[in-house]
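Listed below are the residues making up each chain.
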Amino acid sequence: MATKPFSVTRLPGFGAIAIAAFIALYAPIITLVVYSFNAANSVAIWGGFSLDWYRLAWENDQVQQAAIRSLVIATFAAGFSTLLATLAAVGTTRRGRFKGQTIIYVMINQPLMVPEIVTAVALLILFGAIRTATGIQGLGYLILAHTAFCIPFAYLPIRARLEGMDMSLETAAADLYATPWQAFRHVTLPLLAPGILAGAMLAFVISLDDVIITEFVKSAGQDTLPTYMLGQLRRAMTPEVNAISTALLVLTVLLLTGFFLITRGRQN
Amino acid sequence: MTTTAIEARAVTKRFGAGEITALDAVSISIAQGEFFTLLGPSGCGKTTLLRCIAGFETPTDGAILLSGSDITASPPNKRNVNTVFQSYALFPHLTVAQNIGFGLKMRGDDAAKVDKRTEEMLALVKMEQMASRRPEQLSGGQQQRVALARALAPAPEVLLLDEPLSALDLKLRKEMQSELKRLQSETGITFVFVTHDQEEALTMSDRIAVMSHGQLQQVGSPREIYTRPVNRFVADFIGETNFLEAEAKGDSVTLSTGDTLPLPGAGTGPITLAVRPELLRLTEPGEGDLTATVRDSVYFGTDWHCHLLLSDGTEVVARMQSPPTGESGIGKGQPVGLAFAPGALRVLED
């Protein structure tokens, strides 16, 4: 008799551990979602089904402004970071291996490695100095900060897409009278589009739910949705926070599903 | 009166910090309308030379001329030369028709002209039915045709083909070989064809350049290359060859077996002789030019290959249509005579 190959699924307790892990992952989120439909004024005691908290959140001026601010920042940050990430990815992959390639990758992905709180404090100090020196206020600081930490998230899917692309395609374009710009515009860019879209969506999601850096960099009256919620938690907790969280969760899941479909659909 | 399409003047290409020499002062002149083949084993520099002509590589030294004008420094998009890539490199996001029209569009031809030329090209490679397909929906042979049509559409002065048939199976390869010949005679465009397949080179080319280690070994018609190889490399690489060591003495040579044969203009000193197996004939023992012993004989259907040992132990192969001693072949260890056909002995340069 041949022995069966080792499989973790046949270890004793595998099923139980798996179920426990899934409960740990999803029980809090399910609770959060369920209580967002609570008619009562509590996040822990069920008082019947209601959409009141969604309506309240929707009609809350502060929530509205925070939501709009979040979307504006995420849109600009995703746009800028994707543009920069595309340039970086084209620059690092559309050529042979070069000296210091790994160092460049590491440097581009710096935000993934530096603790977020460190970046937050650093930005607070830097932007504080700039504010004092120039007197310039506004959302620009937040957009700049978000752009910076979104770059690696946009960069990775774009680079992955480029690495899967035959270098001889651009050579063929050049052979067929395309100038370097035409080759990029008519060959590289259309083939890269799914990667760019995926990168932008990922960057958008990352920007949308950032708390730490936003909390440090924002000025008074510049709450985004996550920092507004953080502020609310310091006061009385109502299921309104649950409702906002659920809305944010749905938006994020939709975007990430889109990201998944784009990256999967174009790979084969 | 022939005009020159492509001329390479002492083209040298070094890679890395100069330690790898891919091309070593290669000079070559390819005539207008010629089917010219660069033949050699992998790493001999044939593809590098092709890439230098296309403009994907810049020679370290030397010049490349297209119809007499120096294009050494021109980028690929400024050269009226198109390439059929080994991987085809079809644009996956474009249809067959868009792929074929790409070069014309990039060159700035107007849409009507692009459409008309694309249709002509689709007809030329018999792919009219596939115009709106994507490359991934095509078979290897069909992709090959699209790659050809795409490269021919802008009517280049020279078409470069980088081992375009290597990815196809044998039957399809034979088909595409005659297809390529047809396309070349219909368009009249100069073809520069790279291959490591000697049979492909012999059957398709007007002229062949045999390359090895970045150097040209011999340039000539398939017949010249086959019947009059200049050196051991060419004789060995193209077809099967017997090599005989000999001592030249003016108008005769003395083989390592001690036999002396007349060979006008043999020169003096030690030489290597090349003899094609089909130019050797078995005779009765004691007749012919040499004596030999049969080591083995193998039936190939179209002919027999007899492996023979000469008196000094040198092995030679003779090829013949029918066995000399009846249908049963010849027995091992049997002594035979060996005769050279007129002109069979070729003196090699090195």
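Residues numbered from 1 in each chain as written. Chains lettered and ligands numbered in written order. Predicted model: local features only at pLDDT ≥ 70, side-chain atom pairs only at ≥ 80, totals over all residues. Heavy atoms only, no water.

- Taking an unreviewed UniProt entry as the reference, chain B is identified by name as Spermidine/putrescine import ATP-binding protein PotA belonging to Pseudoroseicyclus tamaricis.
- Recorded in UniProt for chain B, the comment headed Function (unreviewed entry) runs: "Part of the ABC transporter complex PotABCD involved in spermidine/putrescine import. Responsible for energy coupling to the transport system."
- Its UniProt record gives chain B the following Catalytic activity (unreviewed entry) comment, quoted word for word: "ATP + H2O + polyamine-[polyamine-binding protein]Side 1 = ADP + phosphate + polyamineSide 2 + [polyamine-binding protein]Side 1." (UniProt positions renumbered as here; feature names shortened; annotations may be inferred.)

- As annotated in an unreviewed UniProt entry, chain A is Spermidine/putrescine transport system permease protein PotC from Pseudoroseicyclus tamaricis.
- In its Sequence similarities (unreviewed entry) section, UniProt records this for chain A: "Belongs to the binding-protein-dependent transport system permease family. CysTW subfamily."
- Under the UniProt heading Function (unreviewed entry), the note attached to chain A is "Required for the activity of the bacterial periplasmic transport system of putrescine and spermidine."

**As for the overall build of chain B**
No. 1: Counting its secondary structure elements, chain B contains eight helices and 18 strands.
No. 2: For chain B, the spread of C-alpha atoms along the three principal axes comes to 80 × 45 × 40 Å.
No. 3: Each of the 350 residues in chain B was classed as buried or not, and the buried ones make up 51%.
No. 4: Long-range contacts, defined here as pairs at least 24 residues apart, represent 65% of the contacts in chain B between residues at least 6 apart. (Helix = DSSP H or I, 4+ residues; strand = E, 2+ residues; numbered from the N terminus. Buried < 20%, exposed > 50% of the residue type's maximum accessible area, 1.4 Å probe, protein only. Contact = heavy atoms within 4.5 Å.)

**As for helix H1 (residues 46-54) of chain B**
All names here are of chain B.
No. 1: The element H1 is extensively covered by neighbouring structure, given that seven of its nine residues are classed as buried.
No. 2: All buried positions along H1 are accounted for by Lys46, Thr48, Leu49, Leu50, Cys52, Ile53 and Ala54.
No. 3: Backbone geometry just after H1 places Gly55 at a positive phi near 100°.

**A closer look at the interface of chain B and chain A**
No. 1: The interface is formed by 24 residues belonging to chain B together with 17 residues belonging to chain A.
No. 2: Carbon and sulfur atoms make up 66% of the area that chain B and chain A hide from each other, which totals about 1,800 Å².
No. 3: At the boundary of chain B with chain A, the tally comes to zero salt bridges.
No. 4: Linking chain B with chain A are six residue pairs in polar contact (both at pLDDT 80 or more), by the criterion used here. (Buried area = accessible area lost by both parts, 1.4 Å probe. Salt bridge = Lys/Arg side-chain N within 4 Å of Asp/Glu carboxyl O. Polar contact = N/O pair within 3.5 Å; in protein donor to acceptor, adjacent residues only side chain to side chain.)

**Examining the state of the cysteines**
No. 1: The tally for this structure, following the rule as stated, stands at zero disulfides over all chains.
No. 2: No disulfide involves Cys44(B); its sulfur sits 13 Å from the nearest other cysteine sulfur, which is in Cys52(B). (Disulfide = S-S within 2.5 Å.)

**Some words on the UniProt feature "transmembrane region" (unreviewed entry) in chain A**
No. 1: According to UniProt, the feature "transmembrane region" (unreviewed entry) maps to residues 12-37, 66-91, 112-133, 139-158, 187-208 and 243-262 of chain A in the numbering used here.
No. 2: What you have in residues 243-262 of chain A is 100% helix and 0% strand, and the ends, taken at the C-alpha atoms, are 29 Å apart.

**As for the packing of aromatic side chains**
Geometrically, a pair of aromatic rings is defined through the distance of the ring centres and the angle of the planes.
No. 1: Going through the model one piece at a time under the given rule, you end up with 14 aromatic pairs over all chains.
No. 2: Centre to centre, the rings of Phe127(A) and Tyr141(A) are 5.1 Å apart; their planes meet at 55°, and the pair counts as tilted. Taken together, the residues span a long stretch of sequence, with Phe127(A) in helix H6 (residues 116-134) and Tyr141(A) in helix H7 (residues 140-163) at a distance of 14 residues. Here Phe127(A) matches Tyr141(A) in class, with each residue buried.
No. 3: Judged by centre distance (5.6 Å) and plane angle (40°), the ring pair of Phe35(B) and Phe191(B) falls under tilted. Taken together, the residues span a long stretch of sequence, with Phe35(B) in strand S3 (residues 35-39) and Phe191(B) in strand S8 (residues 190-195) at a distance of 156 residues.
No. 4: Phe35(B) gets classed as buried once you look at its relative accessible area, which sits at 0%.
No. 5: Grouping aromatic residues by their ring pairs yields a cluster made of Phe37(A), Phe49(A) and Tyr54(A).
No. 6: The aromatic ring of Tyr141(A) is capped on one face by Arg131(A), whose charged end is 4.4 Å from the ring centroid. (Phe/Tyr/Trp six-rings, centres within 6.5 Å; stacked < 30°, edge-to-face > 60°. Lys NZ or Arg CZ within 6 Å of the ring centre and 35° of its normal.)

**So, the layout of surface pockets**
Residue and element names in this part refer to chain A.
No. 1: In this structure, the second largest pocket encloses a volume near 420 Å³.
No. 2: What lines the second largest pocket is a set of 16 residues, among which Trp58, Val63, Ala67, Leu225 and Ala247 lie closest to the centre.
No. 3: Secondary structure elements with two or more residues in the lining of the second largest pocket: helix H2 (52-59), helix H3 (61-93) and helix H12 (239-265).
No. 4: When residues in the lining of the second largest pocket are grouped by element, the largest group, six residues, is from H3. (1 Å grid on protein atoms, 1.4 Å probe; cavity = no way out; pocket = protein on both sides within 12 Å on 5 of 7 lines; lining within 4 Å. Points joined across faces, edges and corners; volume = space filled by probe spheres on them.)

**Comments concerning the domain arrangement of chain B**
Residues and elements named next belong to chain B.
No. 1: On domain assignment, one finds that chain B holds domain 1 (4-236) and domain 2 (240-348).
No. 2: Between the C-alpha centres of domain 1 and domain 2 the distance comes to 40 Å.
No. 3: Taken together, the contacts link 10 residues of domain 1 with nine residues of domain 2.
No. 4: Carbon and sulfur atoms make up 47% of the area that domain 1 and domain 2 hide from each other, which totals about 850 Å².
No. 5: Here domain 1 is connected to domain 2 by one salt bridge.
No. 6: Those elements giving two or more residues to the side of domain 1 that touches domain 2 turn out to be helix H7 (222-227) and helix H8 (232-237). (Domains from an automatic or database assignment.)

**Points about the nonpolar core**
No. 1: Counting residues in each nonpolar core, the largest one holds 88 residues, and the members touching the most others are Leu38(B), Phe91(B) and Phe102(B).
No. 2: Every residue in contact with Phe102(B), bar those within four places of it in the chain, is listed here: Ala173(A), Leu176(A), Ala178(A), His186(A), Val187(A), Phe91(B) and Leu94(B).
No. 3: Formed by 33 residues, the second largest nonpolar core is a distinct cluster that contains Leu104(B), Val114(B), Leu159(B) and Met204(B). (Core = buried A, V, L, I, M, F, W, Y, C linked by side-chain atoms within 4.5 Å.)

**A word on unusual backbone geometry**
All names here are of chain B.
No. 1: You will see that Ala89, though not glycine, has its phi angle at about 50°, which is positive.
No. 2: Along the polypeptide, Ala89 turns up in the loop between strand S6 (81-84) and helix H2 (96-107).
No. 3: Ala89 gets classed as buried once you look at its relative accessible area, which sits at 2%.
No. 4: At His213, a position not held by glycine, the phi torsion is positive, near 50°.

**Quick word on the sheet that holds strand S15 (residues 304-310) of chain B**
By definition, the strands of a sheet pair up through backbone hydrogen bonds, in either a parallel or an antiparallel sense.
All names here are of chain B.
No. 1: Pairing is antiparallel across the open sheet formed by five strands, whose spatial order is S13-S17-S14-S15-S16. Across the chains shown, the open sheet's two edge strands, defined by having one partner strand only, are strand S13 (280-283) and strand S16 (315-320). The sheet shows a mean angle of 45° between the axes of neighbouring strands, taken without regard to direction.
No. 2: Pairing of strand S14 (residues 290-299) with strand S17 (residues 335-340), which is carried by four bridges, proceeds in the antiparallel orientation. Counted as the bridge partner of Thr291 is Gly337 from S17. (Pairing = 2+ DSSP bridges. Axes fitted to C-alpha atoms, helices over the stretch in contact; angles between N-to-C directions.)

**Considerations on a nonpolar patch on the surface**
Residues and elements named next belong to chain A.
No. 1: Among the surface-exposed residues, Phe22, Leu25, Tyr26, Ile29, Ile30, Val34, Trp46, Phe49, Leu51, Leu249 and Val253 lie close enough to one another that they form a single nonpolar patch of about 1,100 Å² accessible area.
No. 2: Contributing elements (two or more residues each) for the nonpolar patch: helix H1 (14-35) and H12.
No. 3: Examining the composition of the nonpolar patch, we find that six residues originate from one element, H1, more than from any other. (Patch = residues over 30% accessible without salt bridge, like charges linked within 9 Å, V, L, I, M, F, W, Y side chains within 5 Å. Areas by Shrake-Rupley, 256 points an atom, 1.4 Å probe, with all protein chains shown as cover.)

**Quick word on the environment of Leu254(A)**
No. 1: Following the sequence through the fold, Leu254(A) ends up in helix H12.
No. 2: Spatially, the C-alpha atom of Leu254(A) lies 10.0 Å from that of Val205(A), the residues being 49 residues apart in sequence.

**As for the sheet that holds strand S12 (residues 260-275) of chain B**
No. 1: A sheet is described by the order of its strands in space; here three strands give the open sequence S11-S12-S18 (chain B), paired in antiparallel fashion. Edge strands, defined here as strands with exactly one partner in the open sheet, are strand S11 (242-255) and strand S18 (346-347) of chain B.

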